Amino acid sequence: MLEAGCGGGQHTVMMAQHARTVTAADLNTSQIAAEHASQFPNVRTVEADIATINLGRRFDIVVCIGVIHHTDDPDATLRNLVAHVAPGGALAVWAYSAEGNFLVRHGVEPIRKLFLRRMSRSTLVWLSRLVTALMYPPVYTVYLLPLSFLPYYAYFKNFRRLSFGRNILNVFDKLNAPQTQFITRERATTWLSHPDIDPDSVSIRHYAGVSWGMVARTRNDGMAAQSKKDTTC
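Residues numbered from 1 in each chain as written. Predicted model: local features only at pLDDT ≥ 70, side-chain atom pairs only at ≥ 80, totals over all residues. Heavy atoms only, no water.

Draft legend 1. Spotlight on the packing of aromatic side chains. Enumeration according to the criterion identifies 10 aromatic pairs in this entry. Residues Tyr155 and Phe156 carry aromatic rings whose centres are separated by 5.5 Å and whose planes lie at 70° to one another, so their mutual orientation is edge-to-face. The lysine or arginine in question, Arg129, covers the ring of Trp126, its NZ or CZ lying 4.4 Å from the ring centre. (Phe/Tyr/Trp six-rings, centres within 6.5 Å; stacked < 30°, edge-to-face > 60°. Lys NZ or Arg CZ within 6 Å of the ring centre and 35° of its normal.)

Written out as structure tokens, the structure reads:
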């Protein structure tokens, strides 16, 4: 497996328990991930930009969870991820959606760009703890009522399943990211219309009303070669 954008290694550890090998790549947290997964000899970490990385090999499964929307060029990043999937292999991508994220796009994002980008990381951690704590009262009162029309109603169902620490990490991710692009369904569909992807394998699901879960398989060598021939003709 290739984990593109491994962060602190939380998912790396989960994958390492099931995969023969895991290559975990990140631009600036690979060392943290290495420490987190130090008990797994089948994990290799790489410090690199997932938009341009060339590992010189392809993988049975390439996973990118919650990272592609923070890259400088998500379109180029997606193409590079596909290039690292072996023929017949699987690609799984999770990204923030433009649909369902009006409040974050037009409320949180302007504040983050104007004020939070200049904050130290330690200050942002404390702010994330405070924001997360303030979310608990409404999430465990109003959002327990059958009021599915409320914004982020499905998202807060997941919020209640997670620990306080994990919710802090999710809030921190939104406040700390250098940039965020919210992906439309149309853009996600375009990503998975890549000529090396088998169109019959594509699945795009709107998850918790705020993100896209995308899964697809690459064509095998014969199918890919025929596709390129047809395109040339």
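Now that the structure is up, let's keep going.
Draft legend 2. Looking closely at the side chain of Arg219. Within the secondary structure, Arg219 sits in the loop between strand E7 (211-217) and helix H9 (221-232). Although Arg219 lies buried, it forms no salt bridge, and the closest oppositely charged side chain, Asp198, sits 5.3 Å away as judged by the N-O distance. Engagement of the side chain of Arg219 in a polar contact is seen with the backbone oxygen of Pro195, the distance being 2.8 Å. (Helix = DSSP H or I, 4+ residues; strand = E, 2+ residues; numbered from the N terminus. Buried < 20%, exposed > 50% of the residue type's maximum accessible area, 1.4 Å probe, protein only. Lys, Arg positive; Asp, Glu negative; His and termini not counted. Salt bridge = Lys/Arg side-chain N within 4 Å of Asp/Glu carboxyl O. Polar contact = N/O pair within 3.5 Å; in protein donor to acceptor, adjacent residues only side chain to side chain.)

Draft legend 3. Highlighting the packing of helix H5 (residues 121-139) against helix H6 (residues 153-161). Close contact between H5 and H6 brings their axes to 11 Å; oriented N to C, the two are set at 110°. Judged on the interaxial angle alone, H6 and H5 are roughly perpendicular. For the pair H5 and H6, the sense of crossing is left-handed. Residues Thr132, Met135, Tyr136 and Val139 of H5 form the contact with H6, whose own contacting residues are Phe156, Phe159 and Arg160. Among the residues making up the contact of H5 with H6, the classes are represented as five nonpolar, one polar and one charged. (Axes fitted to C-alpha atoms, helices over the stretch in contact; angles between N-to-C directions. Parallel < 35°, antiparallel > 145°, perpendicular 65-115°, else oblique. Left-handed = near helix turned anticlockwise from the far one by under 90°. Contact = heavy atoms within 4.5 Å. Nonpolar A, V, L, I, M, F, W, Y, C, P; charged D, E, K, R; others polar.)

Draft legend 4. Spatial organisation of the pairing of strand E3 (residues 43-47). Pairing of strand E2 (residues 22-26) with E3 involves five bridges; the strand directions are parallel. For Ala24, the partnering residue across the bridge sits in E3 and is Thr45. (Pairing = 2+ DSSP bridges.)

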